[in-house]
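Architecture and fold: a report
For reference, the chains in residue letters:
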Amino acid sequence: MRTITIALTKGRLAKKTLQLFDQIGIRAEGSTDDSTRKLIFENEDLAVRFFMAKGPDVPTYVAYGAADMGIVGRDTILEENRHLYEVLDLGYGKCRMCICGPESARKYLDSGEQIRVATKYPRIAKDYFLNRKHQTVEIVKLNGSIELAPIVGLSEVICDIVETGSTLRENGLQVLEEVCPISARVVVNQVSMKMENERISEIIRQLKEALENENN
Ligand code: PRP
């Protein structure tokens, strides 16, 4: 039997996802060991293996077929814009993509003024301002701690993920507009979906069932 390869987003998302797979009887030895530096975990009997990747690389592995399936946030799926099937909303890893800044920056958002938007998500930010707000902005790509940008004067606003809101609060910023809700999704390689349809569909069905049981 061909091995099904599943790419997980390293960190909290992988942890929750491995728990969910565990519930449907798919587990790989060592994968839940917090101290390990191993990247690949295989269950030979089930012909399934998991590997841990950085979030933005998960759609890449899946699009190229190096992984048959992947679990990744919707933010990353939108930003990477790969040809993939998005087949299931796992409902966890919930947060919101938002335009944030100091209250004093609100006036720039409907002024049509050319402002700077700092973000780790240039495609999402560009799409939002250009196609939804019809506002021309300059996008400044950053790699983290985006909240710094409006504080030190790099940009008027940011486009970033808000989960609990505490990073914004502790830095005197707020949500000015909501772009879209985010949660963890299952994506599938388009060829794998045809070649391994039966096994992949069964995994998705079981994941759905486990989620429903969890929520009841
Ligand atoms: C994310 C995001 C915000 C923060 C939001 O950053 O970019 O900074 O979490 O979470 P909160 O609303 O619960 O405070 P992350 O911690 O992933 O690190 P980064 O700044 O390096 O991107």
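Rules and cut-offs
- Sequence order as written defines the numbering, with residues in each chain counted from 1.
- Given that this is a predicted model, residues contribute local features only at a pLDDT of at least 70 and side-chain atom pairs are listed and counted only at 80 or more, while totals for whole chains, interfaces and linings are drawn from all residues.
- As a convention, hydrogens and water are excluded, and side-chain values are obtained from all of the structure's heavy atoms.
- Proximity criterion: a residue is near a molecule or strand once any of its heavy atoms comes within 4 Å of it.
- N or O atoms closer than or at 3.5 Å make up a polar contact, with two conditions inside protein: a donor-capable atom paired with an acceptor-capable one, and, for residues adjacent in sequence, both atoms drawn from side chains.
- Surface accessibility in these figures is a Shrake-Rupley result with a 1.4 Å probe; residues are shielded only by whichever protein chains are displayed.
- For helices the rule is a DSSP run of H or I covering at least 4 residues; for strands it is a run of E covering at least 2, with both sets numbered from the N terminus onward.
- Side-chain classes are defined by residue name, with Ala, Val, Leu, Ile, Met, Phe, Trp, Tyr, Cys and Pro counting as nonpolar, Asp, Glu, Lys and Arg as charged, and the others, Gly among them, as polar.
- Remark: exposure states derive from per-residue accessible area (1.4 Å probe, protein chains only) relative to the maximum for the residue type, with buried under 20%, exposed over 50%, and partly exposed in between.
- Note on definitions: a residue-residue contact is assigned when non-hydrogen atoms from the two residues lie within 4.5 Å.

1. Notes on the site of the ligand
- In the vicinity of the ligand, the contacting residues are K120, G144, S145, E147, D160, I161, V162, E163, T164, G165, S166 and T167.
- With respect to the ligand, the side chain of D160 contributes an N or O atom lying 2.7 Å from an oxygen atom.
- The backbone of G165 places a nitrogen or oxygen atom 2.7 Å from an oxygen atom of the ligand.
- When the ligand sits alone it has 500 Å² of accessible area, and the protein chains cover 66% of it.
- Among the secondary structure elements, those contributing two or more residues to the shell around the ligand are β9 (157–162) and α6 (166–170).
- Within the shell around the ligand, the residues separate by chemical class into two nonpolar, six polar and four charged.

2. Digging into the environment of R49
- Within the fold, R49 resides in strand β3 (residues 48–53).
- Residue R49 is classed as partly exposed on the basis of its relative accessible area of 30%.
- Remark: the alpha-carbon pair of R49 and N143, spanning 94 residues in sequence, is separated by 30 Å.
- Among residues more than four places away in sequence, those in contact with R49 are T3, I4, T5, I6, I40, F41 and E42.
- In this structure the side chain of R49 is engaged in a polar contact, spanning 2.9 Å, whose partner is the side chain of T5.

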